[in-house]
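# Working through the structure, step by step
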Amino acid sequence: MASKSSITRNTRVQRTIDKYAEIRKKMKEEGDYIGLQRLPRDASPTRQVNACALTGRTKGYYRKFKISRNMLRKLALEGKIPGMRKASW
(Lines give C-alpha, C1' and ligand atoms only; values in the text may rest on other atoms or scores of the structure.)
Protein backbone atom coordinates (compact mmCIF):
# COMPACT_ATOMS: atom_id res chain seq x y z
CA MET A 1 0.00 0.00 0.00
CA ALA A 2 1.26 3.45 -0.87
CA SER A 3 2.08 5.92 1.85
CA LYS A 4 -0.61 8.37 2.91
CA SER A 5 1.63 11.27 1.95
CA SER A 6 1.79 10.18 -1.69
CA ILE A 7 -1.99 9.76 -1.85
CA THR A 8 -2.48 13.18 -0.26
CA ARG A 9 0.03 14.75 -2.64
CA ASN A 10 -1.76 13.31 -5.64
CA THR A 11 -5.11 14.75 -4.49
CA ARG A 12 -3.47 18.15 -3.90
CA VAL A 13 -1.97 18.08 -7.40
CA GLN A 14 -5.40 17.22 -8.84
CA ARG A 15 -6.99 20.20 -7.07
CA THR A 16 -4.27 22.50 -8.45
CA ILE A 17 -4.76 21.14 -11.97
CA ASP A 18 -8.50 21.79 -11.76
CA LYS A 19 -7.93 25.28 -10.37
CA TYR A 20 -5.63 26.41 -13.20
CA ALA A 21 -7.15 24.44 -16.10
CA GLU A 22 -8.97 27.37 -17.70
CA ILE A 23 -6.01 29.74 -17.23
CA ARG A 24 -3.61 27.21 -18.80
CA LYS A 25 -5.93 26.65 -21.74
CA LYS A 26 -6.26 30.40 -22.36
CA MET A 27 -2.50 30.98 -22.13
CA LYS A 28 -1.76 28.12 -24.52
CA GLU A 29 -4.20 29.46 -27.10
CA GLU A 30 -2.59 32.91 -26.86
CA GLY A 31 0.92 31.46 -26.97
CA ASP A 32 1.88 33.06 -23.64
CA TYR A 33 4.61 30.61 -22.65
CA ILE A 34 6.23 33.02 -20.20
CA GLY A 35 2.93 33.18 -18.31
CA LEU A 36 2.71 29.40 -18.32
CA GLN A 37 6.14 29.18 -16.71
CA ARG A 38 4.99 31.45 -13.90
CA LEU A 39 2.12 29.15 -12.94
CA PRO A 40 2.75 26.58 -10.18
CA ARG A 41 4.46 23.40 -11.34
CA ASP A 42 1.62 21.27 -10.03
CA ALA A 43 -0.78 23.10 -12.39
CA SER A 44 0.52 20.94 -15.22
CA PRO A 45 -1.57 17.79 -15.85
CA THR A 46 1.56 15.70 -16.42
CA ARG A 47 2.42 16.05 -12.73
CA GLN A 48 -0.51 13.84 -11.75
CA VAL A 49 0.26 10.18 -11.21
CA ASN A 50 -2.13 7.36 -12.09
CA ALA A 51 -2.66 5.57 -8.79
CA CYS A 52 -5.13 3.03 -7.45
CA ALA A 53 -8.16 4.70 -5.90
CA LEU A 54 -8.22 2.13 -3.09
CA THR A 55 -4.57 1.57 -2.19
CA GLY A 56 -2.59 4.30 -3.93
CA ARG A 57 -0.43 1.78 -5.78
CA THR A 58 1.07 3.30 -8.96
CA LYS A 59 2.31 0.17 -10.71
CA GLY A 60 -0.06 -2.29 -12.36
CA TYR A 61 -2.75 0.38 -12.75
CA TYR A 62 -5.79 -0.27 -14.98
CA ARG A 63 -7.16 2.99 -16.37
CA LYS A 64 -10.55 1.50 -17.20
CA PHE A 65 -11.23 0.57 -13.58
CA LYS A 66 -8.93 3.14 -11.89
CA ILE A 67 -7.54 0.46 -9.58
CA SER A 68 -4.42 -1.68 -9.44
CA ARG A 69 -4.20 -5.24 -10.71
CA ASN A 70 -4.13 -6.64 -7.17
CA MET A 71 -7.36 -4.94 -6.16
CA LEU A 72 -8.95 -5.78 -9.52
CA ARG A 73 -8.28 -9.47 -8.94
CA LYS A 74 -9.50 -9.33 -5.36
CA LEU A 75 -12.73 -7.53 -6.23
CA ALA A 76 -13.36 -9.78 -9.24
CA LEU A 77 -13.00 -12.93 -7.14
CA GLU A 78 -15.40 -11.47 -4.57
CA GLY A 79 -17.89 -10.81 -7.37
CA LYS A 80 -17.94 -7.04 -6.83
CA ILE A 81 -17.17 -6.16 -10.46
CA PRO A 82 -20.22 -6.88 -12.64
CA GLY A 83 -19.60 -9.21 -15.57
CA MET A 84 -16.06 -10.15 -14.56
CA ARG A 85 -15.09 -13.63 -13.48
CA LYS A 86 -11.99 -15.75 -13.36
CA ALA A 87 -11.15 -17.44 -16.66
CA SER A 88 -11.09 -21.22 -16.80
CA TRP A 89 -10.63 -23.52 -19.78
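Below: a short report on this structure. Bear in mind that the values here come from a model prediction, so they are computed numbers and not experimental data.

## Digging into helix H3 (residues 69-77)
Considered for burial, the residues of H3 that qualify are Met71, Leu72, Leu75 and Ala76. On an axial view of H3, the arc spanned by its buried residues comes to 130 degrees, and they lie on one face. Residues of H3 that are buried make contact with strand S1 (61-62) and strand S2 (67-68).

## A word on the nonpolar core
Within the largest apolar cluster, six residues are counted, these being Cys52, Ile67, Met71, Leu72, Leu75 and Ile81. Among the elements that line this core, the one with the most residues is H3, at three residues. Beyond its immediate stretch of four places on either side in the chain, Met71 contacts Cys52, Leu54 and Thr55. Core analysis: the next-biggest nonpolar cluster, separate from the first, contains five residues, Tyr20, Met27, Leu39 and Ala43 among them.

Rules used in this analysis
- Residues numbered from 1 in each chain as written.
- Predicted model: local features only at pLDDT ≥ 70, side-chain atom pairs only at ≥ 80, totals over all residues.
- Heavy atoms only, no water.
- Buried < 20%, exposed > 50% of the residue type's maximum accessible area, 1.4 Å probe, protein only.
- Helix = DSSP H or I, 4+ residues; strand = E, 2+ residues; numbered from the N terminus.
- Arc of directions from axis to C-beta.
- Contact = heavy atoms within 4.5 Å.
- Core = buried A, V, L, I, M, F, W, Y, C linked by side-chain atoms within 4.5 Å.

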